[in-house]
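Summary of structural features
Listed here are the chains, written in short residue letters.
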Amino acid sequence: MTPFARKRLTRIALNAAGLLVFLFAVFPVYWMVSTSFKANDQIFTTDFIPFPTHFTVEHVDRVLSEGVAGNSIWLYMRNSAIVALGTVLIGAALALLAATAIARFTFRGRTSFLILLLIVQMIPAEALLIPLFLNVKRLGLYDQLLGLIVINVGLTLPFGIWMLRTFVAAVPKSLEEAAWIDGASRMTTFWRVLFPLVAPGLVATSIFSFITAWNELIFALILMSDSSGYTMPVALQFFFGQRGTDWGAIMAGSTMMTIPVVVFFLLVQRRMVSGLVAGAVKG
Amino acid sequence: MTNTSTVARGGGASPAPGRRRHAPQRPAKARGLSPRAVPYVLLAPGLLVIAGLLLYPLGQMIVISFQKVGIPQINGKKPATWEGWDNYTRVLDNEIFWSSLRNTLVFAAVTVALTLVLGTAVGTLLNRLSKKMSTFVVIGIMSAWAVPPVAQGVIWRWLFDADAGMINWALNLLPDGLSELLFGRSDWTGEPWLNDAFTIYLVLIVCVLWSSFPFVAVSVLAGLKGIPAELYEAARVDGATPWRIFRKITFPLLKPVFSVLTILSIIWDFKVFSQLYVLMGGPTNREAFNLSIFSFAEAFRSPPKMGVGAAIAVILTLILLVVTAVYIRQIVKTEDLR
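Residues numbered from 1 in each chain as written. Chains lettered and ligands numbered in written order. Predicted model: local features only at pLDDT ≥ 70, side-chain atom pairs only at ≥ 80, totals over all residues. Heavy atoms only, no water.

**So, the domain arrangement of chain A**
Residues and elements named next belong to chain A. As far as domains go, chain A holds domain 1 (16-56) and domain 2 (74-281). Taken over C-alpha atoms, the centre of domain 1 sits 32 Å from the centre of domain 2. Taken together, the contact between domain 1 and domain 2 spans 6 residues of the former and 8 residues of the latter. Interface area for domain 1 against domain 2, summed over the two sides, is near 570 Å², with a carbon-plus-sulfur share of 79%. On the domain 1 side of the interface with domain 2, the three residues burying the most area are M32, S36 and F44, jointly 68% of the side's total. On inspection of domain 1 and its partner domain 2, the count reaches 0 salt bridges. Inspection of the region where domain 1 meets domain 2 yields 0 residue pairs in polar contact (both at pLDDT 80 or more). With 4 residues, helix α1 (residues 3-36) is the largest single contributor of residues to the side of domain 1 that touches domain 2. Among the residues forming the side of domain 1 that touches domain 2, the class breakdown is 4 nonpolar, 2 polar and no charged. (Domains from an automatic or database assignment. Contact = heavy atoms within 4.5 Å. Buried area = accessible area lost by both parts, 1.4 Å probe. Salt bridge = Lys/Arg side-chain N within 4 Å of Asp/Glu carboxyl O. Polar contact = N/O pair within 3.5 Å; in protein donor to acceptor, adjacent residues only side chain to side chain. Helix = DSSP H or I, 4+ residues; strand = E, 2+ residues; numbered from the N terminus. Nonpolar A, V, L, I, M, F, W, Y, C, P; charged D, E, K, R; others polar.)

**A short note on the UniProt feature "transmembrane region" (unreviewed entry) in chain B**
Residues given the UniProt feature "transmembrane region" (unreviewed entry) here are residues 37-58, 105-126, 138-159, 198-224, 245-268 and 306-328 of chain B. Span residues 245-268 of chain B is 100% helix and 0% strand, its end C-alpha atoms 30 Å apart. (UniProt positions renumbered as here; feature names shortened; annotations may be inferred.)

**Notes on the environment of L128(A)**
Take L128(A): it is sitting in helix α6 (residues 125-138). Distance in space between the C-alpha atoms of L128(A) and T188(A) is 40 Å, their sequence separation being 60 residues. Non-local contacts of L128(A), meaning those with residues more than four positions away in its chain, are made with I123(A), L155(A), F219(A), L53(B), L54(B), P57(B) and L58(B).

**Things to note about the interface of chain B and chain A**
How big an interface is tends to be stated in terms of accessible area lost as the parts join. Contacts between chain B and chain A engage 102 residues on the former and 106 residues on the latter. Overall, the association of chain B and chain A removes approximately 9,400 Å² of surface from exposure, summing both partners, and the carbon and sulfur fraction of that is 79%. Our enumeration of links across chain B and chain A arrives at 0 salt bridges. Linking chain B with chain A are 6 residue pairs in polar contact (both at pLDDT 80 or more), by the criterion used here. With 19 residues, helix α2 (residues 38-64) of chain B is the largest single contributor of residues to the side of chain B that touches chain A. Classifying every residue of the side of chain B that touches chain A by side-chain character gives 76 nonpolar, 16 polar and 10 charged.

**Some details on the packing of aromatic side chains**
Under the counting rule described, the total for this entry stands at 40 aromatic pairs over all chains. Ring centres 5.5 Å apart and planes at 20° place the aromatic pair F273(B) and Y277(B) in the stacked group. Classification of F273(B) by relative accessible area gives buried; the value is 3%. Judged by its relative accessible area of 10%, Y277(B) is buried. Here the basic side chain of R165(A) rests over the ring of W162(A), its NZ or CZ set 4.0 Å away from the ring centre. (Phe/Tyr/Trp six-rings, centres within 6.5 Å; stacked < 30°, edge-to-face > 60°. Buried < 20%, exposed > 50% of the residue type's maximum accessible area, 1.4 Å probe, protein only. Lys NZ or Arg CZ within 6 Å of the ring centre and 35° of its normal.)

**Some thoughts on unusual backbone geometry**
For the bond running from S302(B) to P303(B), omega is -5°, close enough to zero to count as cis. With respect to the element layout, P303(B) can be found in the loop between α14 (291-300) and α15 (306-335). Backbone geometry at A69(A) places phi at a positive 55°, although glycine is not the residue there. Along the polypeptide, A69(A) turns up in the loop between α3 (58-65) and α4 (73-104). Since its relative accessible area comes to 31%, A69(A) is described here as partly exposed. You will see that D143(A), though not glycine, has its phi angle at about 70°, which is positive.

**Section: the side chain of T199(B)**
All names here are of chain B. Inspection of the secondary structure puts T199 in helix α10 (residues 197-225). Taking the relative accessible area as the measure of exposure, T199 reaches 12% and is therefore buried. Within the structure, T199 has its side chain in polar contact with the backbone oxygen of W193 (distance 2.7 Å). In contact with T199, other than residues within four places in its own chain, are P192 and W193.

**Notes on α6(A)**
All names here are of chain A. Relative to the 20 Å expected for 14 residues at 1.5 Å per residue, α6 spans 19 Å between its end C-alpha atoms, a close match to the ideal helical length. At P131, α6 is bent by approximately 35°, the largest bend along its length. Counting buried residues in α6 gives 12 out of 14 residues, a clear majority hidden from the surface. Residues of α6 that are buried include every one of A125, E126, A127, L128, L129, I130, P131, L132, F133, L134, N135 and V136, and no others. Note on α6: the residue one or two positions beyond its end, G140, has a positive phi of about 75°. (Expected span 1.5 Å × (residues − 1). Bend = angle between axes of the 7 residues up to and from the residue.)

Right, here's the structure in full:
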């Protein structure tokens, strides 16, 4: 074999492997989406039907009109969106302040705070489930979306700060110093110089918090007793009925829950990975 | 002079000594706030949230684990009574605890190992693909990573469905002889994967591996991009094998990345909840519990035994802290937390 032929063969083998990885990753997602558009005779079959030839939107229709657990899926989507957006708005403000403190100032207790951030991320949410449930009940936030928002802020904040501080640190300090020399105040410098430069990082961090809150299951499961307050992850559980599972409907519901996350994810994936790893590695 | 004092408004950020004495000449904006106080003021709201929503409840959980908290206590009708170590002895005497502990540990060990191996392999592969092909594959694997955990559970529960699932159909495609040789059976029609603890965990491993390898792959790829190509060329000129190159160049240089990936994977896989919850259809199959679900079931299924649930959660947290302490120390030591 000539070196050229061997190189070509290697390339083909590599591409084939890449394609295989792609299929392994994408097929389950594709299967979810395609099942939600298949007529029931193509869902409940022992045959493999790769593509919905009996294309139908009846499942999508059904989850929107009839819904599940007494409400349309729209209501659960709305609840999830309220919780996730509320978490992001509060969390982003808090994270930005704290991240600026860490990345721009040297002060006593800074290292301890960083170590604290690392350690609180190890605490499993399950460990906080019982006390937070009791506290939420005591504060009268049980069965209210606000209770979920507050808890999600707590769950996402440590990582939010951790991730955002690398973005703040990446903005050259000399830019702010130049603004100071030109006589800008601290606030002006923050809003006009630092903030616009950190904004992309803030968006990435916010999307990460959004996704975490959007996906959160356990707290939503125990803090909402009335079905009108369910979020999507809780509502999906109710499709698994006693009388067999309505797979078309549950796939339609899952698809609706998944789409916004996947879109957000692909938008910020590059920044998110650098934030996760650089944030953790570079300290 | 005016200029120097404006610089001083940067507060502690500028390390030059002596500047601080210009602080009294700060302009109106910074009124009443000494530069020294600024970082603390910025940090305070976040710190309060962390203290109130994470640290204080953590303390409460430890207290509750020594108490009896049932329905009357939840409704505030009766004060919680002190139980001493009773909750813990009750947990340790329960065989479900031991099977949950085993499930948690074995699942985490297997899944973390598989995720890291597959992720690293895919990351290395991505690095060798053309730019177009690599972007294509990255977008594919990112969409798997993005799927919400509940939807992941739903998808894999559907793929492994006994009657209409893809997996049973695919296994039936295998030549009978091969299937017989590998699994001791040739007919997979109606195989119920999600009834038995062992097979539930097989499905769970596939599900979690599928959703978590992309992160490892993309991180490893990002790390590989940072290694100068000259190192590899030099190694190749010296006739090093690919495996040797990985061991002697890639691994040592990416060690910090690997340690972070390992710790994150351990944390994520230890507390897997949503996927298992969906695959089991709620906390029903006691043999398939892991510690998270065991704690959840004890505390929130009637009759609620919050004290026992808290004791299990304390044990889970302790295990997690011990397992990850080594890595936290390493991060703190090597990264000097700039």
